[in-house]
Amino acid sequence: MTTLALIKQHLIDPEICIRCNTCEESCPVDAISHDANNYVVDVTKCQFCLACVPPCPTGAIDNWRQVTIPYTLEEQFSWTDLPKQQELANGGPEAFEDEAESLIAEAHDGTGGKPVAPYTASRPSVNLYNRDKPAIATVRGNYRLTAEDAENDIHHIILDFGDQAFPVLEGQSIGIVPPGVNETGEPNHIRLYSIASPRHGERPNHNNLALTLKREASGICSNYMCGLKKGDKVEVTGPFGATFLMPNDPMANIVMICTGTGAAPFRGFTEWKRRIMPNAPGRLVLFFGARRPEELPYFGPLQSVPDSLLTKFFAYSRVPGQPKTYVQDLMRRESALLSDLVGSKATHVYICGLKGMEQGVDAAFDDICRGAGINWAKLRKDMRETGRYHVETY
Ligand code: A2P
């Protein structure tokens, strides 16, 4: 009997993919393409450089199969979900999965393995709506959050889904489909935004949610969104995200580290805790970085959140006459608190915001842990594998 050679094939999960095009844009060998239905990977071109992995906002890109006959592009275009790993006569897929895992870990800057949800998190719904079948939301409010003279124009936008089912959890994201086409005549790319409200609505028990959205100088979607008026209709895809979720555990300590609009999911976390279990023993601790108080979204409302619910540390980088301070500087200052927290298995860490902060925050944890005799690299790996360490940067 002839034994067919095993081939490693990189695939994209059509159920989770939001069709944002980042993978296609980041592939240096043009192995990724799309039609109106799916994004697909050409097995004859993909060289496993993994350039497409870190930019993918959903993790749909993190899929690998060991095959004897590779899936064709036509097959991949037709999928609505990803086929399972086939049983193979000539060897189980475990070794290959290990290899794929370590490749992914490398692509995620060595932070160790595929992210997983906290084991107590509620089960999220994902990908209920897509470009071909979007939910239509109505804008209920669009307010500027930053001061008039602030450099950052950050908005709080409330979207109402009326009678369409749109179940979300804190930490999930939605896709916005900006109308129109780009310079090459293709429909404008969907952009992903974190939900800033808790699961049962910006207004409790209303089918609505809030976004925290910054106007980018030449951003098609952010300018479209920031310009919306009450009553306007918006095409929405999603919801997305199955790991950056809140633990449903009253004992869980949650350390939240963010810059700018990265505060969005943490507003959702804080509001959910405030509404559902304000006196739960688990702590909420927030490190929040902005240029100045005037540039910090939700500065006013945050002042009225009691310390018993949320311990807050604000790092300002551009206040005249004050030293430039980043979140990682405040983390080092609060090393006693943080080493105590990360020493507990009840503690979860969430990082959201500028990509650049990731390294600084990691170095701060490394220093803090070293001072307390803890091996941070080992702890971080353990925390990630047990759904207690989450990073979402852009
Ligand atoms: P900076 O004044 O150096 O830009 P933004 O307003 O651009 O969204 O940024 C939010 C905050 O994040 C600002 O205070 C910004 O400081 C800060 N920041 C920029 N780079 C980093 C980094 N590498 N680590 C931590 N914070 C950063």
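Residues numbered from 1 in each chain as written. Predicted model: local features only at pLDDT ≥ 70, side-chain atom pairs only at ≥ 80, totals over all residues. Heavy atoms only, no water.

**Q** Help me understand the site of the ligand, please; the structure alone is not making it clear to me.
**A** Around the ligand, the structure places 14 residues, and the nearest of them are R291, S317, R318, K324 and Y326. Contact distances for the ligand include 2.5 Å between an oxygen atom and a side-chain N or O atom of Y326. Burial of the ligand by the surrounding chains reaches 84%, relative to a free accessible area of 550 Å². Counting only elements with at least two residues in the shell around the ligand, the list comes to β12 (284-290) and α9 (355-371). When grouped by side-chain class, the residues that make up the shell around the ligand number four nonpolar, six polar and four charged. (Near = heavy atom within 4 Å. Polar contact = N/O pair within 3.5 Å; in protein donor to acceptor, adjacent residues only side chain to side chain. Areas by Shrake-Rupley, 256 points an atom, 1.4 Å probe, with all protein chains shown as cover. Helix = DSSP H or I, 4+ residues; strand = E, 2+ residues; numbered from the N terminus. Nonpolar A, V, L, I, M, F, W, Y, C, P; charged D, E, K, R; others polar.)

**Q** It is not clear to me how the nonpolar core should be interpreted in this structure. Could you clarify?
**A** The nonpolar side chains of a soluble globular protein tend to be buried, and buried together. M256, F266, F269, L286 and L302 are the most contacted members of the largest nonpolar core, which totals 27 residues. Listed by contribution, the elements that provide at least two residues to this core are β11 (253-259), α5 (264-276), β12 and β14 (347-353). Those residues in contact with L286 that lie beyond four places of it in its chain are M256, C258, F266, L302, L310, T311, K312 and F313. (Core = buried A, V, L, I, M, F, W, Y, C linked by side-chain atoms within 4.5 Å. Buried < 20%, exposed > 50% of the residue type's maximum accessible area, 1.4 Å probe, protein only. Contact = heavy atoms within 4.5 Å.)

**Q** Looking at this structure, how should I read the packing of aromatic side chains?
**A** The geometry of two aromatic rings is summed up by the distance between their centres and the angle between their planes. Per the stated rule, a full pass over the model turns up 15 aromatic pairs. An aromatic cluster is defined as three or more aromatic residues linked by ring pairs; in this entry it consists of F244, F266, F269 and Y350. (Phe/Tyr/Trp six-rings, centres within 6.5 Å; stacked < 30°, edge-to-face > 60°.)

**Q** I keep staring at the side chain of E334 and nothing clicks. Help me out?
**A** Along the chain, the position of E334 falls in the loop between α7 (327-333) and α8 (335-342). Beyond its immediate chain neighbours, meaning those up to four positions away, E334 contacts F287 and F313.

**Q** What am I meant to see in the sheet that holds strand β13 (residues 311-316) here?
**A** Strand pairing in a sheet relies on backbone hydrogen bonds, with the paired strands running either antiparallel or parallel. Reading across the sheet, the five strands line up as β13-β12-β11-β14-β15 and stay open at both edges, with parallel pairing between neighbours. Taken across any chain shown, the strands that pair with only one partner, and hence form the sheet edges, are β13 and β15 (389-393). On average, adjacent strands in this sheet sit at an angle of 10° to one another, irrespective of strand direction. Taken together, the five bridges between β14 and β15 define a ladder with parallel strand orientation. Residue V349 lies in a different strand from β15, and its bridge partner there is Y389. Contacts from α5 reach β11, β12 and β14, with the element oriented near 150° to β11. (Pairing = 2+ DSSP bridges. Axes fitted to C-alpha atoms, helices over the stretch in contact; angles between N-to-C directions.)

**Q** Can you help me understand the sheet that holds strand β6 (residues 154-160) in this one?
**A** Strand order in the open sheet formed by six strands is β8-β7-β10-β5-β6-β9, with antiparallel pairing between adjacent strands. In the strand order of this sheet, the two ends are held by β8 (191-194) and β9 (208-214), each with one partner. Each neighbouring strand pair of the sheet contributes to a mean axis angle of 40°, computed without reference to strand direction. As defined by bridge partners, strand β7 (residues 173-177) adjoins β8 across four bridges and the pair is classed as antiparallel. Residue pairing for β8: S173 is matched across the bridge by S194.

**Q** How should the environment of V41 be read in this particular structure?
**A** Here V41 is to be found in strand β3 (residues 39-41). Through-space distance from the C-alpha of V41 to that of K273 is 41 Å; in sequence the pair is 232 residues apart. Residues contacting V41, with those up to four places away along its chain left out, are H10, L11, I12, A31, I32, C46, L73 and Q76.

**Q** Would you explain α5 in this entry?
**A** Every α-helical turn comprises 3.6 residues, leaving residues that sit three or four positions apart pointing alike. For α5, built from 13 residues, the straight-helix expectation of 18 Å at 1.5 Å per residue is met to within 8% by its first-to-last C-alpha distance of 19 Å. Residues of α5 that are buried: A264, P265, F266, G268, F269, T270, E271, W272 and K273. In this structure, the buried side of α5 is in contact with β8, β9, β11, β12 and β14. (Expected span 1.5 Å × (residues − 1).)

**Q** What is the right way to look at unusual backbone geometry in this model?
**A** Here the residue pair G238 and P239 is connected by a cis peptide bond, since its omega of -5° sits within 30 degrees of zero. Mapped onto the secondary structure, P239 falls in strand β10 (residues 233-240). The phi angle at L50 is positive, at roughly 65°, despite the residue not being glycine. You can see L50 is positioned in the loop between β3 and β4 (63-67).

**Q** Where do I start with the packing of α9 against helix α10 (residues 376-385) in this structure?
**A** Two packed helices can be described by the angle between their axes and the distance between those axes. Running from N to C, α9 and α10 cross one another at 115°; their axes reach a closest spacing of 9 Å. Contact residues: D362, F365, D366 and C369 in α9; W376, L379 and R380 in α10. A breakdown of the residues in the contact of α9 with α10 according to their chemical character gives four nonpolar, no polar and three charged.

**Q** So what exactly am I meant to see when it comes to the environment of A60 here?
**A** Tracing the sequence through the fold places A60 in the loop between β3 and β4. Sequence separation of A60 and C17 is 43 residues, and the distance between their C-alpha atoms is 5.0 Å.

**Q** Is there a simple way to explain the state of the cysteines in this structure?
**A** Cysteine pairs can be covalently joined through their sulfur atoms, and such a bond is termed a disulfide. On inspection of all chains with the given rule, the structure shows zero disulfides. Free of any disulfide, C27 has its nearest cysteine sulfur in C49, 6.0 Å distant. Residue class for C27 comes out buried when judged on its relative accessible area of 12%. Considering cysteine sulfurs only, C258 is the nearest to C352, which forms no disulfide, with 7.2 Å between them. (Disulfide = S-S within 2.5 Å.)

**Q** For this particular structure, what's the right way to read the pattern of salt bridges?
**A** Side-chain pairs of opposite charge can arise where the charged atoms are in close proximity. Within this structure, the stated rule accounts for 21 salt bridges. Across the pair R274 and E271 runs a salt bridge whose closest N-O atoms are separated by 2.8 Å. Within this pair, R274 and its partner E271 are both found in helix α5, separated by three residues, close to a single helical turn. Each of R332, D366, D367 and R370 takes part in one network of salt bridges that share partners. (Salt bridge = Lys/Arg side-chain N within 4 Å of Asp/Glu carboxyl O.)

**Q** Any chance you could explain the packing of α8 against α9 here in plain terms?
**A** For the pair α8 and α9, interaxial distance at closest approach is 9 Å and the crossing angle is 85°. In terms of their interaxial angle, α8 and α9 are classed as roughly perpendicular. Between α8, through S335, L338, S339 and V342, and α9, the contact on the second element is made entirely by F365, I368 and C369. (Parallel < 35°, antiparallel > 145°, perpendicular 65-115°, else oblique.)

Everything listed here is a matter of coordinates, which is why it stays silent on function.
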